[in-house]
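# Geometric and topological summary
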Amino acid sequence: MSTLICKDTIQRVGYTIIDGIKVVQYNCVIDATKPQDMRIITSKLNEEMYKNNRVACRADLATFEDAAYQLQEEYIAKISGDTEGTTGPVAE
């Protein structure tokens with residue numbers, strides 16, 4: 001017997017593109033009901049180009065992670081009703 005469980009998520013996808021070729025795909029998945037839960041997944045789409053461009057791909061990953069954490073912070077603030085911004089801890 002199987003059970004299907006569906007979740008609402010917020011997703012962002014990014015790519016490292018070199019010479020018009022998608023080399024790496026970055027995927028961020030945030031649980032919409034518990035946005036503290038986030039996964040960042042990387043997929044190498046072209047292994048040879050990745051090996052030849054690791055520095056650029058790693059820099060793109062760092063940039064993508066920053067954007068993903070910002071999206072997560074914005075969503076947490078949105079559902080908690082914080083309209084003052086997302087930097088620093090929320091005062092109680």
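Residues numbered from 1 in each chain as written. Predicted model: local features only at pLDDT ≥ 70, side-chain atom pairs only at ≥ 80, totals over all residues. Heavy atoms only, no water.

## Describing helix 2 (residues 54–80)
The following threshold applies: Only DSSP runs of H or I covering at least 4 residues are called helices, and only runs of E covering at least 2 are called strands; the numbering of each starts at the N terminus. Expected helix span is given by 1.5 Å per residue-to-residue step, counting one fewer step than there are residues. Relative accessible area decides the class of each residue, using a 1.4 Å probe on protein chains only: under 20% of the type maximum gives buried, over 50% gives exposed, and in between gives partly exposed. In this description, contact between two residues means that some pair of their heavy atoms is separated by no more than 4.5 Å.
Compared with an ideal rise of 1.5 Å per residue, which puts 27 residues at 39 Å, helix 2 spans 38 Å between its outermost C-alpha atoms and is within 8% of the ideal. When helix 2 is considered as a whole, its buried residues turn out to be Cys 57, Phe 64, Ala 68, Leu 71, Gln 72 and Ala 77. For helix 2, the elements touching its buried residues are strand 1 (9–18), strand 2 (21–31), strand 3 (38–44) and helix 1 (47–52).

## Examining the nonpolar core
What counts is decided by this rule: As used here, the term nonpolar core means buried Ala, Val, Leu, Ile, Met, Phe, Trp, Tyr and Cys residues forming a set that is joined through side-chain atoms within 4.5 Å.
One finds Val 23, Val 24, Cys 28, Ile 30 and Cys 57 to be the most contacted residues of the largest nonpolar core, which totals 15 residues. Put simply, the parts of the chain that give this core at least two residues each are strand 1, strand 2, helix 1 and helix 2. A total of five residues in this core trace back to one element, the largest contributor, which is strand 2. Sequence-distant contacts of Val 23, defined by excluding residues within four places in its chain, comprise Thr 16, Ile 18, Ser 43, Lys 44, Leu 45, Asn 46, Met 49, Tyr 50 and Cys 57.

## A short note on the pattern of salt bridges
Counted only if it meets this: For this document, the term salt bridge refers to a Lys or Arg side-chain nitrogen within 4 Å of an Asp or Glu carboxyl oxygen.
Tallied over the entire structure, the rule returns two salt bridges. Ionic pairing is found between Asp 31 and Lys 7, a salt bridge with its closest N-O pair at 3.3 Å. Of the two residues, Asp 31 is situated in strand 2 and Lys 7 in the segment before strand 1; the sequence distance between them amounts to 24 residues. The class of Lys 7 is exposed, set by a relative accessible area of 57%. For Lys 34, the salt bridge goes to Asp 37, with nearest N and O atoms at 3.8 Å.

## A look at the side chain of Asn 27
Looking at where Asn 27 falls in the secondary structure, it is placed in strand 2. Beyond its immediate sequence surroundings of up to four residues, Asn 27 is in contact with Gln 11, Arg 12, Val 13, Arg 39, Ile 40, Ile 41 and Phe 64.

## Some words on the packing of aromatic side chains
Our working rule: To pair, rings of Phe, Tyr and Trp, with the six-membered ring standing in for Trp, must have centres within 6.5 Å; the planes then decide the type, stacked if under 30 degrees apart, edge-to-face if over 60, and tilted in the middle. Criterion for a charge above a ring: Lys NZ or Arg CZ within 6 Å of the ring centre, and within 35 degrees of the ring normal.
Applying the stated criterion across every chain, the model contains one aromatic pair. Seen from the ring of Tyr 15, Lys 22 lies directly overhead, with NZ or CZ sitting 4.2 Å from the centre.

## Regarding unusual backbone geometry
Excluding glycine, a negative phi dihedral is what most residues carry, and trans is how most peptide bonds are arranged. In this structure, Asp 19 takes a positive phi of about 55° despite not being glycine. Relative to the assigned elements, Asp 19 resides in the loop between strand 1 and strand 2.

## Topic: the sheet that holds strand 3
Worth spelling out the cut-off: For two strands to be treated as a pair, DSSP must find no fewer than two bridges joining them. Angles run from 0 to 180 degrees between N-to-C directions of axes, and those axes are lines fitted to C-alpha atoms, restricted for helices to the stretch in contact.
Taking strand neighbours across the sheet as the criterion, the three strands line up as 1-2-3 in an open arrangement whose pairing is antiparallel. Both outer strands of the open sheet, strand 1 and strand 3, are each paired with one neighbouring strand and no more. Each strand axis lies, on average, 15° off the axis of its neighbour in the sheet, ignoring direction. Across seven bridges, the pairing between strand 2 and strand 3 is antiparallel. Directly across from Tyr 26, in strand 3, lies its bridge partner Thr 42. Helix 2 rests against strand 1, strand 2 and strand 3 of the sheet, and its axis sits at about 25° to strand 2.

In short, geometric facts, not functional conclusions.
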